[in-house]
Each structure stands twice: as C-alpha cells, then as structure tokens.
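# Reading the structure
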Amino acid sequence: MNKNKTKNIFKYGLLASLVSATLGISACNDDASPSVHAEAQSKPIFTTGKENAVKTLIGLKGSQGVRLNNGWLLASEKSGLVSWNGESDKGNTIAKGEYKYLQASSDIAITVDTKTDRVQPFSVVNGTLTKLALMPELDYEINWVCLQPRQQDGLTYVWLGGESGNAQQWVLGHKGNWNPKFIRSISVPMGTLNCSLDSTTDTLYIAEQQAGIWAIDAHPQAVKETELVVAKPHNTLTSVFADDGHVFYQDETGRVFTDGNQVAINKGDEVEGLTVFTHNEKQSVLSFDDEHDLYLLSNWSMKLQPKDKAEKIREIPAWVESTSSDRAGDTMDDPAIWVNKTSPADSLILGAHKRWGLLVFDMQGNQVQSIGTGRINNIDIRQNLQINGETKSIAIASLRDGDKLAAYEIAHNGHVTQTAILDTHLNDIYGMCLYHDGSQLYAFANEKSGKTIQYRVNFDTQISITKVREFSAPSQVEGCVANDQTGELFVGEEDQGIWKYDANAQASSQGEMIIKVGGPLVDDVEGLDLYHGNNKSYLVVSSQGNDSYILYDSETPYQFITQFRIGTNFDKGIDGSSETDGLAVTSLPVGDGPWSQGMLVVQDGRNRMPDANQDFKWIPWSSIFNND
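So, here is what we can say about the structure in this document. (Residues numbered from 1 in each chain as written. Predicted model: local features only at pLDDT ≥ 70, side-chain atom pairs only at ≥ 80, totals over all residues. Heavy atoms only, no water.)

### A look at the overall build of the chain
Basically, it comes down to this: Helix and strand definitions follow DSSP, with helices as H or I runs of at least four residues and strands as E runs of at least two, each counted in order from the N terminus. In this description the radius of gyration comes from C-alpha coordinates, and the expected globular size is given by 2.2 Å times residues to the power 0.38. For every residue, the accessible area (1.4 Å probe, protein chains only) is compared with the maximum for its type, and the residue is labelled buried under 20%, exposed over 50%, or partly exposed between those bounds. Whether two residues are in contact is decided by their heavy atoms: any pair within 4.5 Å suffices. Note that His is not counted, nor are the chain ends; the positive residues are Lys and Arg, and the negative ones are Asp and Glu. Taken as the charge location is NZ of Lys, CZ of Arg, CG of Asp or CD of Glu.
For the chain, the count of helices and strands is two helices and 50 strands. In terms of C-alpha radius of gyration, the chain reaches 28 Å, essentially the compact-globule figure of 25 Å for 628 residues. C-alpha atoms of the chain, sized along the principal axes, occupy 90 × 45 × 45 Å. Considering the chain as a whole, with its 628 residues, one finds that 59% of them fall into the buried category. For the chain, restricting intrachain contacts to residue pairs at least 6 apart in sequence, the fraction spanning at least 24 positions comes to 52%. Taking the average location of the 52 positive side-chain charges in the chain and that of its 80 negative ones, the two points are 6 Å from each other.

### Overview of the state of the cysteines
The cut-off we apply is this: To count as a disulfide, a pair of cysteine sulfur atoms needs to be within 2.5 Å.
This model, assessed by the stated rule, comprises two disulfides. Each sulfur of the disulfide joining Cys146 and Cys195 lies 2.1 Å from the other. Around the S-S axis, the bridge from Cys146 to Cys195 shows a dihedral of about 125 degrees and counts as right-handed. Separated by 49 residues along the polypeptide, Cys146 in strand β11 (residues 144-149) and Cys195 in strand β15 (residues 194-198) bring together distant segments of the chain. Relative accessible area serves as the criterion here: at 0%, Cys146 is assigned to the buried category. Disulfide pairing is shown between Cys433 and Cys480; the S-S distance is 2.3 Å. Across the disulfide from Cys433 to Cys480, rotation about the S-S bond amounts to roughly -125 degrees, and the bridge is consequently left-handed. With a gap of 47 residues between them, Cys433 in strand β36 (residues 429-436) and Cys480 in strand β40 (residues 477-483) connect regions that are remote in the sequence.

### Re the packing of aromatic side chains
Note the threshold: Two rings from Phe, Tyr or Trp (for Trp, the six-membered ring) form a pair when their centres sit within 6.5 Å of each other. Planes less than 30 degrees apart are called stacked, planes more than 60 degrees apart edge-to-face, and all others tilted. Cation placement over rings: the criterion is NZ of Lys or CZ of Arg within 6 Å of the ring centroid and within 35° of the ring normal.
Inspection of the entire model under this criterion finds 20 aromatic pairs. For the ring pair Phe288 and Tyr295, a centre distance of 4.9 Å and an interplane angle of 55 degrees mean the geometry is tilted. For the pair formed by Phe288 and Tyr295, the shared burial category is buried. Following the ring pairs from residue to residue traces out a cluster consisting of Tyr435, Tyr442, Phe444, Phe471, Trp499 and Tyr501. A cation over an aromatic ring shows up here: Lys181 above the ring of Phe570, its NZ or CZ 4.3 Å from the ring centre.

### Description of the nonpolar core
Under the convention used in this document: Among the buried residues, those of types Ala, Val, Leu, Ile, Met, Phe, Trp, Tyr and Cys that are joined through side-chain atoms within 4.5 Å form a nonpolar core.
Formed by 24 residues in total, the largest nonpolar core has its most connected members in Leu73, Leu74, Leu81, Phe122, Leu129, Leu286 and Tyr295. For this core, the secondary structure elements donating two or more residues are β3 (62-68), β4 (71-76), β5 (80-84), β7 (99-104), β9 (118-125), β24 (282-289) and β25 (294-300). Sort the elements by how many residues they give to this core and β4 lands first, with four residues. By size, the runner-up hydrophobic cluster in this structure holds 20 residues, among which are Ile387, Ile394, Ile396 and Leu434.

### A word on the sheet that holds strand β39 (residues 463-472)
For the record, the criterion: Two strands qualify as a pair provided DSSP detects at least 2 bridges between them. To get an axis, fit a line to the C-alpha atoms, keeping to the stretch in contact for a helix; angles then go from 0 to 180 degrees between the N-to-C directions.
Strand order in the open sheet made by the four strands is β36-β37-β38-β39, with antiparallel pairing throughout. Sheet topology places β36 and β39 at the edges, where each strand pairs with a single neighbour. Taking the axes of each pair of neighbouring strands and ignoring which way they run, one obtains an average angle of 25 degrees across the sheet. Pairing of strand β38 (residues 451-459) with β39 involves nine bridges; the strand directions are antiparallel. Residue Gln454 lies in a different strand from β39, and its bridge partner there is Arg469.

### Quick look at the sheet that holds strand β20 (residues 246-251)
Across the sheet, four strands lie side by side as β19-β20-β21-β22; this open sheet has antiparallel pairing. Each edge of the sheet is formed by a strand with only one pairing partner; in this case those strands are β19 (237-243) and β22 (261-265). Each adjacent strand pair in this sheet contributes to an overall mean axis angle of 30 degrees, direction not counted. Where β20 and strand β21 (residues 255-258) come together, three bridges link them in antiparallel fashion. The residue bridging Tyr249 from the neighbouring strand is Phe257, located in β21.

### Observations regarding the layout of surface pockets
Quick reminder of the rule: Cavities and pockets are defined on a 1 Å grid built over the protein atoms alone: a cavity is a set of grid points where a 1.4 Å probe fits but cannot escape, while a pocket is an open set with protein on both sides within 12 Å along at least five of seven lines, and lining residues are those with an atom within 4 Å of any such point. Grid points are joined across faces, edges and corners, and a volume is the space filled by probe spheres set on the points. Ten residue types, Ala, Val, Leu, Ile, Met, Phe, Trp, Tyr, Cys and Pro, are classed as nonpolar, four, Asp, Glu, Lys and Arg, as charged, and the remainder, Gly among them, as polar.
Its volume calculated, the largest pocket comes out at about 850 Å³. In this structure, the largest pocket is lined by 41 residues; those nearest its centre are Asp380, Ile381, Arg382, Asp484 and Val585. Contributing elements (two or more residues each) for the lining of the largest pocket: β28 (332-338), β32 (376-387), β36, β40, β44 (525-532) and β48 (583-586). In terms of residue count, β32 provides more of the lining of the largest pocket than any other element does, eight residues in total. Tallied by class, residues from the lining of the largest pocket come to 19 nonpolar, twelve polar and ten charged.

### Regarding the environment of Leu60
Assignment of secondary structure puts Leu60 in the loop between β2 (55-58) and β3. Since its relative accessible area comes to 10%, Leu60 is described here as buried. In sequence terms Leu60 and Leu81 are 21 residues apart; their C-alpha atoms lie 9.8 Å from each other. Here Leu60 is in contact with Leu74, Ser76, Glu77, Lys78, Ser79, Val82, Asp293 and Tyr295, once residues within four sequence places are set aside.

### Looking at the side chain of Asn194
Filter applied, for reference: N or O atoms within 3.5 Å of each other form a polar contact, as long as, within protein, one can give a hydrogen and the other can take it, and as long as residues adjacent in sequence are counted only when both atoms are side-chain atoms.
Within the secondary structure, Asn194 is located in strand β15. Of the polar contacts made by the side chain of Asn194, one reaches the backbone nitrogen of Val240; its length is 2.7 Å.

### Details of the pairing of strand β41 (residues 488-493)
Most of β41 is tucked away, with six of its six residues classed as buried. Both faces of β41 are covered, namely the face carrying Glu488, Phe490 and Gly492 and the face carrying Leu489, Val491 and Glu493. Across five bridges, the pairing between β40 and β41 is antiparallel. Note that in β41 the partner of Val477 across the bridge is Glu493. Hairpin remark: β40 followed by β41, antiparallel, with four residues in the connecting loop; positive phi at Gly487, about 70 degrees. Hairpin remark: β41 followed by strand β42 (residues 497-502), antiparallel, with three residues in the connecting loop.

### Quick look at the side chain of Ser63
Residue position: Ser63 is located in strand β3. Ser63 gets classed as buried once you look at its relative accessible area, which sits at 1%. A polar atom in the side chain of Ser63 sits 2.9 Å from the backbone nitrogen of Tyr101.

### Digging into the pattern of salt bridges
Which entries qualify depends on this criterion: Definition used for salt bridges: Asp or Glu carboxyl oxygen within 4 Å of a side-chain nitrogen of Lys or Arg.
Applying the stated criterion to the full structure yields 28 salt bridges. Its salt-bridge partner being Lys536, residue Asp553 comes within 3.1 Å of it at the nearest N-O pair. Of this pair, Asp553 sits in strand β46 (residues 548-553) while Lys536 sits in the loop between β44 and β45 (537-543); the two residues are 17 residues apart in sequence, bridging distant segments of the chain. Residue Lys536 is classed as partly exposed on the basis of its relative accessible area, which comes to 34%.

See below:
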C-alpha cells in the first residue's frame, strides 16, 4: 500500500472469527460489551506477552487467514485459497481464484471473489472445500466479512460491510443446507475497515480510524445500535479480533492490544487482517503486511484472564408469522386466541393494531378480517359465556382514543363484530384483561400511573360496564391475566416485577409482589398469560429487556421453570421475535399433531428476514418442552 495516500483511503484488512469447533474452545458468555476505555498515549509495555520469532509467507497478495485443519487457510488474490502449515516457505493452493478476506468455521468458509465483487462460499466437509454458488451482488463494495455460527439456533450467519457505512446480516443455513437469505441491514460508522464476530457473546466488533472499536449486538433480532467500546480517536488501527470475550486490536505497525495493554507484535508497515488462535493457554497471532506482501505468524503466551460466563438463552424456531402491519413503526401489540372447538385448525388470532384497530388472522397467518375501532392496545377473550340464554364468545380491548373499552362478539364461524364502545374512569388507559368467576364476567383495565379499575360487564339489552373497585401499583403497569380457576389476578409492573391480587370483586385491594425483575426477568415486564396443562399451570411472561419468554409455576412459590427465545426458522424463511409487548397462550387444541397441546403467540417488535413492519409469530406449545 502507498503510505503517501491519505488515511481516508482505508485498508481492506479483515480478521477471522473462529468457532469453538475449530478452536477447540467451549465457552459461553452473554455478558455485555466491554466498557469504553481510551488507549494510553505513552509507549506500550508488554505486560502479558512474550515475543517469539515471526514466521513469514511471501508473494501471495493476501489479506487474511484463518485456522483450519491444524494449519492455516490463507486468502490470496494471486493464488486463491492457500493452505499453510505455518513453518514452510510455501503454501498449497486448494481452491484457485482471486480471493480477498476470509472466514471459516467447521463446515463453511467464505471469501470475496475480486473478479465479481461477490461473496464466494465453500462448504467444508472433512477438511475438503467445495465451491458453492456465489451470493447475490450487493449495491455497495464489500470491505469486510464476518462469519457468525450460532449455537442457540444451529444456524450460521454472515455480516457483509463496507467503508460506505453499510452492513448487512445474512443467514447462510445449517448442516450442509446452504441457501443464503437476507436478514437485515444496519448503518455503521463510515470508513470501517475490519470486523470480528465473537460467537460466545453474539457481538460484532468493527474497527475504524476516527473513533476506535465499535460493538454491535449481532443477535438476528437485536436492536440496530452501535456502541463505542475502545475509544481511540484518530488512530492507526487496521483490524480487530474477538473470541471468548476477549477483544484484540492491531495497528498498522503490527502491535496487538487487549484491555489497553500491548500483548503481541507482528512488525510491519501496513499490517492488517488479525487472527488470534488460542490453544493450551498460548496464542498464535497471524497478520498480513500489505506493504511487503507478507503473511506474519508469531506465537505468544498472553496469560489472558478468563471472562465471566453466562448461559445462553435457547431458541425455538418460529413456526408461523402473520401478515405484517400496513404501516411502519410501533403498530402491533397484544394478541388473543379464539379456539374453534369444532374445527381446531380453523382457530383465529385477534391482534391489536394500536394505530388503527382490530386485525384477525387464521392459523396460517393470513389476515382474514379487520375492524377500524381505533387505537386499541390490549385485548382478551372469554368463550362459552352464557348470555341471555345463548352461548357466546366475547372479546374486549382497551381503546386509547377517549380512554374507553371496545367490545366484540365472535360468532361460531369466527366472524368478529364490534358491539360497543364503553366509557371508563381512567386517564391514559393502557392494558386490560378479563376474569370470569363462574357466573359473572369482569374486565380489569389499567392506566400508565399504575391504577387498575375492575369493572363488572353487564349483558342486558346492550352491553355496559359498572365500576366495582380500584387499586394501584407504584408505577406503570400494562400486562395482566386472571386465573378463572383460582380467582387470582397477575399484573405486570413494567420496571419492577409481577404483582398478585385477589380477582374477586369484594376482595381486598392489597397486592403482593411475587416475582421481581432480576436474573432471567429483564424489564420491561410486558405480556402475561396462563397455560393450563393437565397436571400443571404456567404463568407465561414476556421479558422484553432480553427478548425472551419465561415460564413460572402459577402457584406459590412461583418457581422459575424455563426461559427461551423464538428464533429463526431457516427452512420456512421466518425470522424470530423480539421486543415483544403482548402474548397469548391456550392449552386447547388448535390443530393436529404438534398443535394438539395448544400454542403461544407473541407480538414481534422487530420483523426481519427481510426488514419489514411488525407482525405476530407463533409456535405450538409442544415445541417449548420438546426443544430442550
């Protein structure tokens, strides 16, 4: 590289992110990204490293290498993909071509074909590489690639980014079924040079020379945000490598740092493409010197301190997704399930479109009806109610337009009719749920202040409501569910936890905090529902702060049972769910086979694969326990 060029002409270094099967490392860490720290301006001191002789391989016109098959696989614009044992002065070409940048895992490798400017994948089987079809052409130049094998869903993803500030995440496939599908796009800082994916933390790190090292939550459903984790303004960093919670970064002279300390060096003039391979507590450091067309390999003993480890949250693939919202933004909220008992597969999902009204979906996710009620937020259903000598199904929703409740009747064939708009005593109405004590239907409606009012629902010549009592939580509430069998009401205080109240109209208004935010439950506490199994009932909770769902025993002491996320279903082309507000469950059959035990439906706040407006996702209940 011409050193007289301005630093705005960025180098194309790229790191390799090695998965546990390649490295022989088995570690899990879901900790947050490292805290921001500024690099010391004084001359660095080797505090943990020990310098060794540097092995070199010249003349490949390279960029980046990875550890593979007890040796190294190197990218070359001159020779293709080259294997190197790290000792000899020659490598062996195993795939001819003109390739730049390289990533590999135990079963797939990816590089960039410089003749087509497209990503070229290779399957890896017993150490043998087989060329696959080129990935689709992007509308920007690719300057870095990062492979992302995920233990949680068994899928392999890839990140493709450029100096232009563009980046995309794709899912490649799994178990030899390689068929790339676009997940999402994200904006990154302009001028990013290089990336690394730490699969133990699902974190993507990118290097750029204006600010330092940035971190992005690489979970496919994560929010699109970047965080500066190594502050180094106007630096000479060229590459970053992350693994097992450790973040290494390299400057153009070949110095390698972690945690603010220099730990290794591959001396050169335009050094990039950092890879760090750890084995038996020792590190091999591979770099590429673009100025002298040299691959550089050295060995070190860094004595890295182990990082705290946390259990990964398991993921259950989504089975069905609904038609997405007709508009962008935060539109979908709470769902409810209407079970067709004579034909379970014809059951329906009623969903709140909180900027328009009520949407109705069939079990395949198709929208089959809509009612323009207004800004409804939460909805609940009770079936088999005896009303004026008839058996009926009633749904009631909180309506933010005018602080009201909206009532609906569901016919035996599933057709929904709006029947009433009812005034309440609330200011800024928010959530609601229904309770039937065996003879009388009640509606609990709440507002953002924490107040909840219990209404008796009257069915005379027309539907009406009568206030019977009120009570309050200390701060904002929304999600709630009543247990018709036990007369208990569960209310989510979003920032604090879950309260239990007596649901009976004449009972005390004193509540009890039964589950506090902390551990697996991360605020906001959102949707709540109850699943009544044959031998046990579960309280199902949307833990919005970590995009997960938690099952608790519905009886004291409300023991934690399990936690999971709804993840990508590669075969069906459906993304997972995240930032969930409302959810609903039923233990009644909603179809045959896996659907015979009921289902869970959730609102998806970030609809991906590709980026789209919000929708609902659902899974059969049987998949929750069969997926352990």
